[in-house]
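Observations on chain architecture
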Amino acid sequence: MADRADRPRALIQLRDISRVYGVGEAEVRALDQVNLDIDKGEFVAIMGPSGSGKSTALNVIGCLDVPTAGHYMFNGVEVAHLTPDQRALLRRNYLGFIFQGYNLLARTSALQNVELPLIYKGMGRTERHAAATNALAKVGLAHRAHHDPSELSGGQQQRVAIARALAGNPEVILADEPTGNLDTKLSAEIMEVLQALNHDEGLTIVMVTHETQMAKFARRLIWMVDGRIERDGLTATVA
Amino acid sequence: MFLETIRLAVQAIFRNALRSFLTVLGIVIGVGAVIAMVTVGQGSTAQVTADVEKLGTNMLMVLPGQDAMERGPAGTSMHLFTIRMNDLMEEQLSVIDVSAPMSMGRARAVFGNENRRTDIVGTDNRYFTAAQWDIARGRIFDVTELQAGKPVCVIGETVRKDLFGTSDPIGEELRIQSLSCEIIGLLKSKGASTFGSDQDDFVIIPIRTFHRRIAGNTDVAMFIVSVRDGADTERAKTDVEAVMRDIRRIGRGEEDDFTVMDMKQLATMLSGITGVLTGLLSAVAAVSLLVGGIGIMNIMLVSVTERTREIGIRLAVGAQARQVLLQFLVEAIILSLFGGLIGIVVGLGVGLLGANMLSVPFSPDPQIVLLAFAFSAAVGVVFGYFPARRAARMNPIDALRRE
Ligand SMILES: Nc1ncnc2c1ncn2[C@@H]1O[C@H](COP(=O)(O)OP(=O)(O)OP(=O)(O)O)[C@@H](O)[C@H]1O
Ligand SMILES: [Mg+2]
C-alpha cells in the first residue's frame, strides 16, 4: 500500500478510526483503529462475519455516526471538526444512503420520498418534481411514482430508496446490505443498477453485503473481522 | 424555505390523519368543555342577579337567628317569631308598606285520586302584596277566614295543573294531612326560578289554620317586608333592625338574635351559591382539559418511535436538526390552532345550547376562552415538539435504528 502515498489525496480517508460502544466490562470495540482510503469512482464491497463492524464503518463514513477516536477526512475535510449541521450539509451535498430496511417514509408516495433530499437542497417544486421523476425512471419505477411504499414490493421499495439516494446527485453512495431482504433475481437487478451508476456516472459506491454473489459486482473487497480490516484487495483475488 | 416547511408540516398532518385527528380531538374536548361549562356557570350567576333585581329592591326578609346555621331547618330556631311581633313592627314603622308573617312546611295535597307533595305556606293577605302575587281566578282570604283560621286555601298554578288538569279547582275541597280546605283562589303563574325550582308549586292557607291544623304550634318562620315606594331600603333596613331589637327586648351591647336581609344581600348569597356551582363546573372542565392534554400526550408519545425514525430519515438525506424541528413545531402549531378554534366554536355552541336550556343569559368569558385555548395549544406544542427535539439531537443512525 506504500504506493498510495504519492497519489492524490483519497476522497475518503480513515486514520486509526475507533468506535467504542459502552464502557468498562460492557465495552464493545465496533471499530478498532481502522485505516482505509477510498478513491473517487471506486466500487467497494465490505464483507465479514456478523458483528465485525461493517455497518459501523459505513455509518461513520456516511457521517450518520461519529467515531470515538481517530481522524476521518472526507474530501480533505476533517469531519470531527464539523458541527452536526455541517455534517448534515455534507450528507446533503455528497452522500446518498441505501439501507437494508429501505427507510422510506410511510404513507408517502414514491415520488415524494425521492423528492425529500431535494427539498432540503432548496430545489424549487417543478425542478424537484422533474429530478425525482428522472431518478425513478433510472431505476425503472416511473410507472409507480404515485404509489405508497406499502403498495410496492421489497425490490421496488429498494429501488425507490436508490432513486432517493441518486436524486440528490451525490458523490458517494453508501449501501448497507441493499439486497439483504431480496431474492437472488431482484438482488441482481439492484446490483446491476448500482454497477451502472458506478460505470456510467463515476459514482463512488461503498456497499456492505453478506453475499459473495453481490460482492462480485464490486471491484474492490474489504474483509472485516472484530472491528479490523483483515484483507483488502481486488474482488477477484480476495474472494 | 419557510413555505416549504409549512408544506412539509401539512403533508405530515395528512399523512398521519388518524394521529392528527386524535390530537385535534383532544384539544377540542379540552377547550370546548372549559368554555361550555364556564359560559353556562357564569350565565347562571348573571341570571340570579337579574332575577333578584327583578324581585324588587324594596323587599326585606326578617329571619330569626344570626345566620343560616343557627336558624337551622324552618321552625327549629331558638329565637322564634310571633305574629304579634310582625304586627308591632309594621305598626311602628311608617316606612313599611306591609309586613307579612309566614310559616312553611311540606305536605301532601290530595284531590280525588290525585296527590302531590308541595309547599304549604301559612300567612295572611299581606303576603300577596309583599311577595307580589296576583290572583288569576277566585279571591284572596276574607277577614273572618283569617281571624278564625278557617279551612280555605289559595293554590299555585302547578298544583292546579297537577291535581285538577282541565277542571275548575275553585270551590273544590283539597285535603292536606287531616285538613280539608276549600280552594278559594288560584295564583297567576310566575314560572320557574333561576335554579329551576318551580315557584308556582305551593298552597297558601291562613296562618292561624296552619298553626292549628298543620304545625301544631304558633311559630312564625319569617316576616316578608315590603318597603314603601320611594323609601330608601338601606334606611328601612336599619329602622327594622332597631324596632326589632326593641320588640325582642335586646339590651345594649347584646347581639341581634334575628337577621334582616335585603335583596342585595340575597343576591350576593345566591350568586355565592352559583359561584360555587361555577367553581365545580370549572373543576370538571379543568379535568377534561387535563384529560384532553393527557390524550394528546399519549398520542404524541405513542408515535414517537415512528416519528423518531422519520426524523432519522430526514437527517440522513441532509436535513439539519433545526429544519426538522421547525417542521414539527409548525405541525404542532397548526394542529393546536385548528383544534383550539374548533374547540372554541364547539364550546360556545354547547354553552349557547346549555344557556338556552337552562334559560340563562349566554355570557361567554373572553379570558376563559383565551386561557383554555392557550393551555391546550401549549400541551399540543410541547408534546409535539419536545420528543422531536430529543430525536433531532441524536446521531442520525440512532434515530434511524429506533425500534
Ligand atoms: N448502538 C450500539 N450500541 C452498542 N453496541 C453496538 C451498537 N451498534 C453496534 N454495536 C456493536 O458493535 C459491533 C459491530 O456492529 P455492526 O452493526 O457494525 O456489525 P455488522 O458487521 O454490521 O454486523 P451484521 O453483519 O450483523 O450487520 C457489534 O458487536 C454490535 O453489537
Ligand atoms: Mg450491519
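Residues numbered from 1 in each chain as written. Chains lettered and ligands numbered in written order. Predicted model: local features only at pLDDT ≥ 70, side-chain atom pairs only at ≥ 80, totals over all residues. Heavy atoms only, no water.

Observations concerning the overall build of chain A
The condition is simple: Only DSSP runs of H or I reaching four residues or more are called helices, and only runs of E reaching two or more are called strands; each is numbered from the N terminus. Just to be clear, the radius of gyration here is over C-alpha atoms, and the globule rule we use is 2.2 Å times residues to the power 0.38. Computed by Shrake-Rupley with a 1.4 Å probe, the accessible areas treat only the displayed protein chains as cover when residues are assessed. In this tally, Lys and Arg are treated as positive and Asp and Glu as negative; His is ignored, and so are the chain termini. Charge placement uses NZ in Lys and CZ in Arg. For Asp and Glu, CG and CD serve respectively.
Within chain A, the regular secondary structure consists of eight helices and 10 strands. Relative to a compact globule of 239 residues, whose C-alpha radius of gyration would be 18 Å, chain A shows 18 Å and is just as compact. Along the first, second and third principal axes, the C-alpha atoms of chain A reach 50 × 40 × 40 Å. Summed over its atoms, the accessible surface of chain A is roughly 10,500 Å², and 49% of this surface lies on carbon and sulfur atoms. Of the charged side chains in chain A, 25 are positive and 28 negative; the average position of the first set lies 4 Å away from that of the second.

Focus on the interface of chain B and chain A
Test applied: Here a residue-residue contact requires only that any non-hydrogen atoms of the pair lie within 4.5 Å. Throughout, the accessible surface (probe 1.4 Å) given up by two parts as they are put together, summed over both, is called the buried area. Throughout this description, the term salt bridge denotes a Lys or Arg side-chain nitrogen within 4 Å of a carboxyl oxygen of Asp or Glu. Under the rule applied, a polar contact is a pair of N or O atoms within 3.5 Å (in protein, one hydrogen donor and one hydrogen acceptor; residues adjacent in sequence only if both atoms are side-chain atoms).
Facing the 27 residues of chain B at the interface are 28 residues of chain A. Summed over both partners, the interface of chain B with chain A buries about 2,400 Å², with 51% contributed by carbon and sulfur atoms. In this structure, E306 of chain B and R107 of chain A form a salt bridge, with 2.6 Å as the shortest nitrogen-oxygen distance. Summed over the shared surface of chain B and chain A, the result is 15 residue pairs in polar contact (both at pLDDT 80 or more). For the side of chain B that touches chain A, the elements supplying multiple residues, two or more each, are α1 (2–15), α11 (304–316), α12 (321–357) and α14 (396–401) of chain B. With seven residues, the single largest contributor to the side of chain B that touches chain A is α11 of chain B.

Topic: the domain arrangement of chain B
Test applied: Where each domain begins and ends follows an automated or database-derived domain assignment.
When cut into domains, chain B gives domain 1 (2–51 + 269–401) and domain 2 (80–256). For domain 1 of chain B and domain 2 of chain B, the distance between their C-alpha centres works out to 54 Å.

Points about helix α5 (residues 154–167) of chain A
All names here are of chain A. Quick note on the threshold: Expected span, for any helix, means 1.5 Å times one less than how many residues it has. Throughout, exposure labels follow a simple rule: accessible area from a 1.4 Å probe, protein chains only, divided by the maximum for the residue type, with under 20% read as buried, over 50% as exposed, and the rest as partly exposed.
Given a rise of 1.5 Å per residue, 14 residues ought to cover 20 Å, and the 20 Å separating the end C-alpha atoms of α5 matches this to within 8%. Taking burial as the measure, the 14 residues of α5 include 13 buried ones, the bulk of the element. Positioned one or two residues after α5, N169 has a phi angle of 60°, which is positive.

Some points on a nonpolar patch on the surface
Residues and elements named next belong to chain B. Which entries qualify depends on this criterion: Residues enter patches when their relative accessible area tops 30% and they take part in no salt bridge; the joining distance is 9 Å for like charges and 5 Å for the nonpolar side chains Val, Leu, Ile, Met, Phe, Trp and Tyr.
A cluster of nonpolar residues, F2, L3, I6, V10, F14 and L326, forms a patch on the protein surface that exposes about 580 Å² of accessible area. Of the residues forming the nonpolar patch, the biggest block, five residues, is contributed by α1. Along the chain, the position of L3 falls in helix α1.

What about empty space enclosed by the protein?
The criterion, for reference: Here a cavity denotes a set of grid points, spaced 1 Å apart and computed over the protein atoms alone, in which a 1.4 Å probe fits but from which it cannot get out, and a pocket denotes an open set meeting protein on both sides within 12 Å along at least five of seven lines; residues with an atom within 4 Å of a point are reported as lining. Grid points are joined across faces, edges and corners, and a volume is the space filled by probe spheres set on the points. Nonpolar residues are Ala, Val, Leu, Ile, Met, Phe, Trp, Tyr, Cys and Pro. Charged residues are Asp, Glu, Lys and Arg, and all others, Gly as well, are polar.
In the structure shown here, the tally under the stated rule is five cavities of 30 Å³ or more. Its volume calculated, the largest cavity comes out at about 150 Å³. Taken together, 16 residues line the largest cavity, and the ones lying closest to its centre are M300, R307, F328, F383 and G384 of chain B. Per-element accounting of the lining of the largest cavity gives the leading share, five residues, to helix α13 (residues 366–392) of chain B. Across the lining of the largest cavity, the residue classes tally to nine nonpolar, four polar and three charged. Estimates place the volume of the second largest cavity at around 120 Å³. Within the residue set of the lining of the second largest cavity, elements represented by two or more residues are α2 (84–94), β6 (95–98) and α5 of chain A together with α11 of chain B. Considering each element in turn, the lining of the second largest cavity owes the most residues, three residues, to β6 of chain A.

So, the packing of aromatic side chains
Residue and element names in this part refer to chain B. The condition is simple: By convention, a stacked pair of Phe, Tyr or Trp rings (six-membered ring in the case of Trp) has centres within 6.5 Å and planes under 30 degrees apart, an edge-to-face pair has planes over 60 apart, and any other such pair is tilted.
Across all of its chains, the model carries eight aromatic pairs over all chains by this definition. For the ring pair Y127 and F128, a centre distance of 6.3 Å and an interplane angle of 70° mean the geometry is edge-to-face. By the ring-pair criterion, three or more aromatic residues cluster together here, those being Y127, F128 and F141.

A few points about the sheet that holds strand β5 (residues 77–78) of chain A
Residue and element names in this part refer to chain A. Definition in use: Any two strands are treated as partners once DSSP identifies two or more bridges connecting them.
Taken in spatial order, the four strands line up as β2-β1-β4-β5 in an open sheet, and their pairing is antiparallel. Each end of this open sheet is capped by a strand with a single partner; those strands are β2 (28–38) and β5. Relative to strand β4 (residues 69–74), strand β1 (residues 12–21) is paired through five bridges, and the arrangement is antiparallel. Note that in β4 the partner of I12 across the bridge is F74.

Side note on α11 of chain B
All names here are of chain B. An ideal rise of 1.5 Å per residue puts 18 Å on 13 residues; α11 measures up with 18 Å between its terminal C-alpha atoms. The buried fraction of α11 is high, at 10 of 13 residues. Listed in full, the buried residues belonging to α11 are V304, R307, T308, E310, I311, G312, I313, R314, L315 and A316. G318 lies just past α11 and shows a positive phi near 115°.

Observations regarding the side chain of N103 of chain A
Its location among the elements puts N103 of chain A in the loop between β6 and α3 (110–120). Classification of N103 of chain A by relative accessible area gives buried; the value is 7%. Not counting residues up to four positions away in its chain, the partners in contact with N103 of chain A are R164 of chain A together with R309, I313 and L400 of chain B.

What about the pattern of salt bridges?
Residues and elements named next belong to chain A. One pass over the structure, following the stated rule, counts 31 salt bridges over all chains. Notably, a salt bridge pairs R15 with D37, separated by 2.8 Å at the nearest N-O pair. Of this pair, R15 sits in strand β1 while D37 is found in strand β2, placing the two residues 22 residues apart along the sequence. For R15, a relative accessible area of 33% gives the class partly exposed.

Brief notes about the site of ligand 1
Our working rule: Throughout, the term near means that a residue has one or more heavy atoms lying within 4 Å of the molecule or strand in question. A molecule is counted as occupying a cavity or pocket when more than half of its atoms fall within 2 Å of that pocket's grid points.
The environment of ligand 1 is formed by 14 residues, the closest being S50, G51, K54, S55 and T56 of chain A. Residues near ligand 1 are shared among chains A and B, making this a multi-chain site. Within the contact set of ligand 1, an oxygen atom lies 3.2 Å away from a backbone nitrogen or oxygen of S52 of chain A. S55 of chain A has a polar side-chain atom sitting 2.7 Å from an oxygen atom of ligand 1. For ligand 1, the accessible surface in isolation is 630 Å², of which the surrounding protein chains cover 65%. More than half of the atoms belonging to ligand 1 lie within 2 Å of the grid points that define the second largest pocket. Every element with two or more residues in the shell around ligand 1 is listed here: β2 and α1 (54–61) of chain A. Residues that form the shell around ligand 1 fall into these classes: four nonpolar, seven polar and three charged.

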